[in-house]
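Here's the letter readout for the chains.
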Amino acid sequence: MTKKVSILDIQKRKDEGVPITMVTAYDYTAASLIDQTDVDMILVGDSLGMVMLGYESTVSVTMDEMIHHAKAVARGAKRPFLVGDLPFMSYVDASEALRNAGRHLKEGGMHAVKLEGGREVAITVEVLVQAGIPVMGHIGLTPQRISKLGGFKVQGQTAVDAERLLQDALALQEAGCFSIVLEAVPAKIAEKISTALSIPTIGIGAGAGCDGQVLVYQDMLGMSEKYLPRFVKRYAEVGDITINAMQQYVEDVQNRSFPGEEHVYKIKREELDAFLERFGIFVEG
Ligand code: KIV
């Protein structure tokens, strides 16, 4: 096992120009698998609302649901740096944010929290950081505000919007964020923001000029049936593998080729005979 990743390692990667890797995970099994790789950070994202719970969006996700999944991930992943999302409406003011971010660290076993928004959440970030809670920002396409944004749209496509994103990023850095997710932002803008910041940016749909990348576990492993945005690269077809395996299982059970000899427990001949004799059952062989 390689060394446990700390918040200092994340900054060091930026300082040394080594790209940072982050993936989402929501359960013990996925976390244990990721733990065996060199992935730097796991995000217990509120995207769990869609990929684990079947909600329409992240808006319905509750703090209790986040903690439930965070705990499972923390039990499975001992090496990566763990970040827990603060769900919609869980950081409406600084005291709510403190209470919920505190839960992520104390109950969920996370090392940091992530929240969405720019300058409007800077005060909240400051309060959390002062209380000793590392915060990752998230700007660009912010799914919790999807109704306000009018849909899953690329952000920062005009000079004015791009400037707004840059100012948001600088404000979050100033407030004490240790890193910022840039979601669905033109690559050239994300690159400029990354250069302007001394803290690392983690891109999703923001190009290779970011200091790191994040992908949703189910998306990158080909487990999502729904439409995938163009920024997702599928590294495996686990969905197809799963469907084929399930279908094979059904066939094996139906044609009685499973369970086979190698899957059953044995009993000694004399014990079996004694049993059959006791119950007066006559069996040949
Ligand atoms: O919830 C999530 O999965 C996220 C990532 C897409 C960055 O916020």
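Since this is a predicted model, take the numbers as computed values, not measurements. (Residues numbered from 1 in each chain as written. Predicted model: local features only at pLDDT ≥ 70, side-chain atom pairs only at ≥ 80, totals over all residues. Heavy atoms only, no water.)

**Q** Explain a positive patch on the surface here, please?
**A** Taken together, the side chains of K4, K71, R75 and K78 present a region of like positive charge at the surface. Within the fold, K78 resides in the loop between α4 (63–76) and β3 (81–85). Classification of K78 as partly exposed rests on a relative accessible area of 45%. (Patch = residues over 30% accessible without salt bridge, like charges linked within 9 Å, V, L, I, M, F, W, Y side chains within 5 Å. Areas by Shrake-Rupley, 256 points an atom, 1.4 Å probe, with all protein chains shown as cover. Salt bridge = Lys/Arg side-chain N within 4 Å of Asp/Glu carboxyl O. Lys, Arg positive; Asp, Glu negative; His and termini not counted. Charge placed at Lys NZ, Arg CZ, Asp CG, Glu CD. Helix = DSSP H or I, 4+ residues; strand = E, 2+ residues; numbered from the N terminus. Buried < 20%, exposed > 50% of the residue type's maximum accessible area, 1.4 Å probe, protein only.)

**Q** Even after reading the chapter, I still don't get the sheet that holds strand β7 (residues 201–204), so can you show me in this structure?
**A** Adjacent strands of a sheet pair through backbone hydrogen bonds, lying either parallel or antiparallel. In space, the eight strands of this closed barrel follow the order β1-β2-β3-β4-β5-β6-β7-β8, with parallel pairing throughout. Sheet twist, expressed as the mean angle between neighbouring strand axes with direction ignored, is 25°. Pairing geometry for β7 and strand β8 (residues 212–215), over two bridges, is parallel. Each residue of the ladder has a partner; that of I202, found in β8, is G212. Across the face of the sheet, α4 comes into contact with β2 (41–44) and β3 while running at roughly 155° to β2. (Pairing = 2+ DSSP bridges. Axes fitted to C-alpha atoms, helices over the stretch in contact; angles between N-to-C directions. Contact = heavy atoms within 4.5 Å.)

**Q** Sorry, what's going on with a nonpolar patch on the surface here?
**A** The grouping of Y249, V250, V253 and F258 at the surface amounts to a nonpolar patch, some 320 Å² of accessible area in total. Turning to its location among the elements, Y249 is positioned in helix α11 (residues 238–254).

**Q** Which parts of the structure should I look at to understand the domain arrangement of the protein?
**A** Interface size is often expressed as the accessible area that is lost when the parts come together. Once the domains are mapped, the protein shows domain 1 (7–237) and domain 2 (241–284). With centres defined by C-alpha atoms, the gap from domain 1 to domain 2 works out at 49 Å. (Domains from an automatic or database assignment.)

**Q** I keep staring at the pattern of salt bridges and nothing clicks. Help me out?
**A** Between side chains of opposite charge, a pair can form when the charged atoms approach closely. Scanning the model with the defined rule gives 14 salt bridges in all. In this structure, the salt-bridge partner of D40 is R13, at a minimum N-O distance of 2.6 Å. A residue pair is termed long-range when its members are at least 10 positions apart, and D40 in the loop between α2 (28–35) and β2 and R13 in helix α1 (residues 7–16) qualify at 27 residues. A residue is classified by how much of its surface remains accessible, and D40, at 5% relative accessible area, is buried. R13 gets classed as partly exposed once you look at its relative accessible area, which sits at 21%. A salt bridge links R99 to E96, with the shortest nitrogen-to-oxygen separation between them at 3.1 Å. With R99 and E96 both in helix α5 (residues 94–106), this residue pair falls three residues apart, about one helical turn. Each member of the salt-bridge network shares a partner with another, and the members are R119, D161, R164 and D168.

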